[in-house]
Amino acid sequence: MYLVTSEQMRYFDHYTIKTLKVPGIVLMDHAGKAVAEAVVKRRAKRVVVACGKGNNGGDGWIAARWLQHGGCSVHVVTVVDPGNLEGDAKLAFDMAGAANVSWNIYQPGDLGGSSIELLVDALLGTGCTRPLAGVYEQIVDEMNHSGVPILAIDVPTGIDASTGEVKGSAIRASETIAMAYEKLGTAVTPGAIYSGHTHVVDIGIKAPLPEGMASYVDPSELRQKWGSRDALSHKGTFGRCGIFVGHMQGAAILAAAGAARTGAGLVVLGTRGSISLAVLPDYVVRQAESPVSALEDCQSIVVGPGLGTDLEPLVGTASVDEMFSSKRGVVDADGLKLLRASNGLRRLNDGWVLTPHPKECANLLGWTTEQVQRQRLTAAMQLAERTGAIVLLKGYRTIIATPAGEIRVNPTGNASLAVGGSGDVLAGVIGSLIAQGLNGFDAASLGAWIHGRAGELAGAALTPISTTASDIVDYISRAIVTFFDGIGARN
Ligand SMILES: NC(=O)C1=CN([C@@H]2O[C@H](COP(=O)(O)OP(=O)(O)OC[C@H]3O[C@@H](n4cnc5c(N)ncnc54)[C@H](O)[C@@H]3O)[C@@H](O)[C@H]2O)[C@@H](O)CC1
Ligand SMILES: Nc1ncnc2c1ncn2[C@@H]1O[C@H](COP(=O)(O)OP(=O)(O)O)[C@@H](O)[C@H]1O
Ligand SMILES: [K+]
């Protein structure tokens, strides 16, 4: 499912109106009617629509007209004098006025009526370009404190529709009705948290899609690229995934388990010393002067899980430098510190996937963690551009960014994954997919999807409270079954 920016949405609107000759008011009528239908579905009978000065407000006036038409008790509170509306929004107001929709210009306290069952946010949509102030800030705060559920039209007011950033106040909606496409800013956090459930409605927009649009990670797209196993395949067909074992061996073994469950032909634990933990016979253990030489023949290397902080002996060694410049794989956790210490984030190839959590991302960029969490999309894109690698920024609605600026957002996963070792499993899963031949972007996307779904399934069966990282590994197989849902697992 595509996720669009404000700029792309403006182009789609423009193309539909100018090239396909569909008048803007027709699109707005479809939009307003879809909102009214969503309100009726919620069985709300007493509704207040808060309208702003742009076309989002126009959608609100039209929704009010349709609600009135359907027998609902509806009232509009507007933050601008309707006499100052322009274009389609003015037409929309005229239509609502002719239908005798009641309205008044917003006065603080207007929304205190205890009989209101639903508020509709038609204040600002994709045109919101600056932090809310004045009357917009006032009404948004009043709506948020009213205790009444809010349905947002297109984008909750105050969210940057392109980036998900919230620069000041913003509407906290329980539901968002998105016109034509979901906006990227309501798919990623923090915007996603303000949007509640987002439903997309078709309002008749049509235009040729530009290259490289952002999207949710989509199994139907990735099923074409991964999972088929023909009769003549052998373990060599599915690659060797190497795990660079450092001092904290438990994390490395979790990564190995994630890699094995995701189908690498062989999982190799490369170590300088010996492995003191019990290792399942599913993995091969190799000792060498450097873990890198033990993993020489691997198609991907997972560096970080269990590496430990004693990086001094590794920094600047020829084998580590050679690994970052010529191999492919995953860099996670302390591997990210090793990468920074080794090459100061010099350019990697996009066969490498960096998997920082927000604090690690902040350290790499020289930002604060709060800054990363406020601007997750920008952070992921900047790190990808700076390093030349694929960046997977962890957390709810994990973002996967390429150096060229392509974006995918992972829709799976919940707080069941918030447990030590969960990230180690993810690194192994992605490393396994790279070893099987997927490119870094697809491997990171599919890995995040499978890992997230495994966490959801484990949490549903075992409760999110008691799900462990090993449980996530155990549910990877079931996650893969749901990945192939509808067509059954490949032979
Ligand atoms: N014909 C079209 O273009 C259609 C537009 N649609 C709706 O129109 C919306 C986009 O309309 P607009 O481009 O008019 O944008 P908005 O309705 O979001 O409002 C933009 C206006 O608000 C001002 N503004 C921006 N940030 C502000 C802030 N923080 N405080 C106060 N004012 C602020 C801008 O200067 C501009 O005047 C979409 O989200 C969608 O709901 C849909 O009806 C489909 C058709
Ligand atoms: N609330 C959540 N919703 C979705 N995914 C989550 C949530 N909390 C954690 N995760 C996921 O769990 C993993 C945690 O990784 P990380 O922070 O590296 O943990 P660790 O270092 O303990 O293994 C990441 O993939 C992250 O996206
Ligand atoms: K809105």
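Residues numbered from 1 in each chain as written. Chains lettered and ligands numbered in written order. Predicted model: local features only at pLDDT ≥ 70, side-chain atom pairs only at ≥ 80, totals over all residues. Heavy atoms only, no water.

Colleague: Outline the site of ligand 2, supporting the account with residue identities and numerical values.
Modeller: Of all residues adjacent to ligand 2, which total 18 residues, the nearest are Lys394, Gly395, Gly421, Ser422 and Gly423. Contact distances for ligand 2 include 2.6 Å between an oxygen atom and a side-chain N or O atom of Lys394. In this structure, a nitrogen atom belonging to ligand 2 sits 3.4 Å away from a main-chain N or O atom of Asn414. Out of a free accessible area of 570 Å², ligand 2 has 76% covered by protein chains. Of all the cavities here, the one that holds ligand 2 is the second largest pocket. If one sorts the elements of the shell around ligand 2 by residue count, helix H16 (residues 422–435) sits on top with four residues. Taken together, the residues of the shell around ligand 2 break down into six nonpolar, 10 polar and two charged. (Near = heavy atom within 4 Å. Polar contact = N/O pair within 3.5 Å; in protein donor to acceptor, adjacent residues only side chain to side chain. Areas by Shrake-Rupley, 256 points an atom, 1.4 Å probe, with all protein chains shown as cover. 1 Å grid on protein atoms, 1.4 Å probe; cavity = no way out; pocket = protein on both sides within 12 Å on 5 of 7 lines; lining within 4 Å. Sits in = over half its atoms within 2 Å of the grid points. Helix = DSSP H or I, 4+ residues; strand = E, 2+ residues; numbered from the N terminus. Nonpolar A, V, L, I, M, F, W, Y, C, P; charged D, E, K, R; others polar.)

Colleague: Describe the coordination of the potassium ion (ligand 3), listing the residues and the values that go with them.
Modeller: Octahedral metals with six donors have ideal donor angles of 90 or 180 degrees. Tetrahedral metals with four donors have an ideal donor angle of 109.5 degrees. The coordination sphere of the potassium ion (ligand 3), as far as protein atoms go, consists of Asn56 (OD1), Asp121 (O), Asp121 (OD), Leu124 (O), Ile153 (O) and Val155 (O), spread over 2.6 to 3.1 Å. The coordination sphere of the potassium ion (ligand 3) comprises six donor atoms, whose angles at the metal cover 72 to 145 degrees; the geometry is irregular. Of note, the potassium ion (ligand 3) draws all its donor residues from one chain, in the sequence arrangement N-x64-D-x2-L-x28-I-x1-V. Of this pair, Asp121 sits in strand S5 (residues 118–122) while Val155 is found in the loop between strand S6 (150–153) and strand S7 (175–179), placing the two residues 34 residues apart along the sequence. Residue class for Asp121 comes out buried when judged on its relative accessible area of 0%. (Donors = N, O, S within 2.8 Å, 3.2 Å for Na, K, Ca; no water. Tetrahedral: all angles 85-135°; square planar, octahedral: opposite > 155°, others 65-115°. Buried < 20%, exposed > 50% of the residue type's maximum accessible area, 1.4 Å probe, protein only.)

Colleague: Explain the site of ligand 1 residue by residue, including any values.
Modeller: Every one of the 22 residues lining ligand 1 counts as a neighbour, but Asn55, Asp59, Gly125, Arg130 and Asp154 are closest to it. Here an oxygen atom of ligand 1 and a backbone polar atom of Thr126 are 3.0 Å apart. Within the backbone of Arg130, a nitrogen or oxygen atom sits 2.7 Å from a nitrogen atom of ligand 1. Notes on ligand 1: free accessible area 880 Å², of which the protein chains cover 82%. Only helix H1 (6–19), helix H2 (24–41) and helix H3 (55–69) provide two or more residues apiece to the shell around ligand 1. Top element by residues in the shell around ligand 1 is H3. It accounts for three residues. Here the shell around ligand 1 is composed, by residue class, of nine nonpolar, seven polar and six charged.

Colleague: For the side chain of Ser162, give the residues involved together with the corresponding values.
Modeller: Within the secondary structure, Ser162 sits in the loop between S6 and S7. Apart from the residues lying within four places of it in its own chain, the contact partners of Ser162 are Thr5, Ser6, Leu184, Gly185 and Leu377. (Contact = heavy atoms within 4.5 Å.)

Colleague: Explain the sheet that holds strand S18 (residues 399–401) residue by residue, including any values.
Modeller: Pairing in this open sheet of 12 strands is mixed, and the strands run S8-S1-S10-S19-S18-S17-S16-S15-S14-S11-S12-S13 from one edge to the other. Looking at which strands have only one partner, the edges of the open sheet turn out to be strand S8 (182–183) and strand S13 (284–287). Where strand S17 (residues 390–393) lies against S18, three bridges are found, and the strand directions are antiparallel. Of the residues in S18, the one forming a bridge with Leu392 is Ile400. (Pairing = 2+ DSSP bridges.)

Colleague: Tell me about the environment of Cys72, and name the residues and values.
Modeller: Tracing the chain through its elements places Cys72 in the loop between H3 and strand S3 (73–78). Owing to a relative accessible area of 12%, Cys72 belongs among the buried residues under this scheme. A C-alpha to C-alpha distance of 8.0 Å links Cys72 and Ala44, two positions 28 residues apart in sequence. What Cys72 contacts, discounting residues up to four positions off in sequence, is Ala44, Lys45, Val47 and Leu67.

Colleague: Give a description of the domain arrangement of the protein chain that names residues and reports values.
Modeller: When the parts of a complex come together, some accessible area is lost, and that lost area is often taken as the interface size. Partitioning the protein chain into domains gives domain 1 (2–216) and domain 2 (219–483). Once you take the C-alpha centre of each, domain 1 and domain 2 turn out to be 40 Å apart. Opposite the 17 residues of domain 1 that make contact, domain 2 presents 14 residues. The junction of domain 1 with domain 2 conceals about 1,100 Å² of combined surface from both sides, 60% of it contributed by carbon and sulfur atoms. The largest contributions to the domain 1 side of the interface with domain 2 come from Glu165, Thr189 and Tyr216, which together make up 40% of the buried area. Seen at the junction of domain 1 and domain 2, the total is five residue pairs in polar contact (both at pLDDT 80 or more). Residue assignment for the side of domain 1 that touches domain 2 shows that the elements contributing at least two residues are helix H6 (184–187), helix H7 (191–195) and strand S10 (214–216). Across the side of domain 1 that touches domain 2, the residue classes tally to 10 nonpolar, six polar and one charged. (Domains from an automatic or database assignment. Buried area = accessible area lost by both parts, 1.4 Å probe.)

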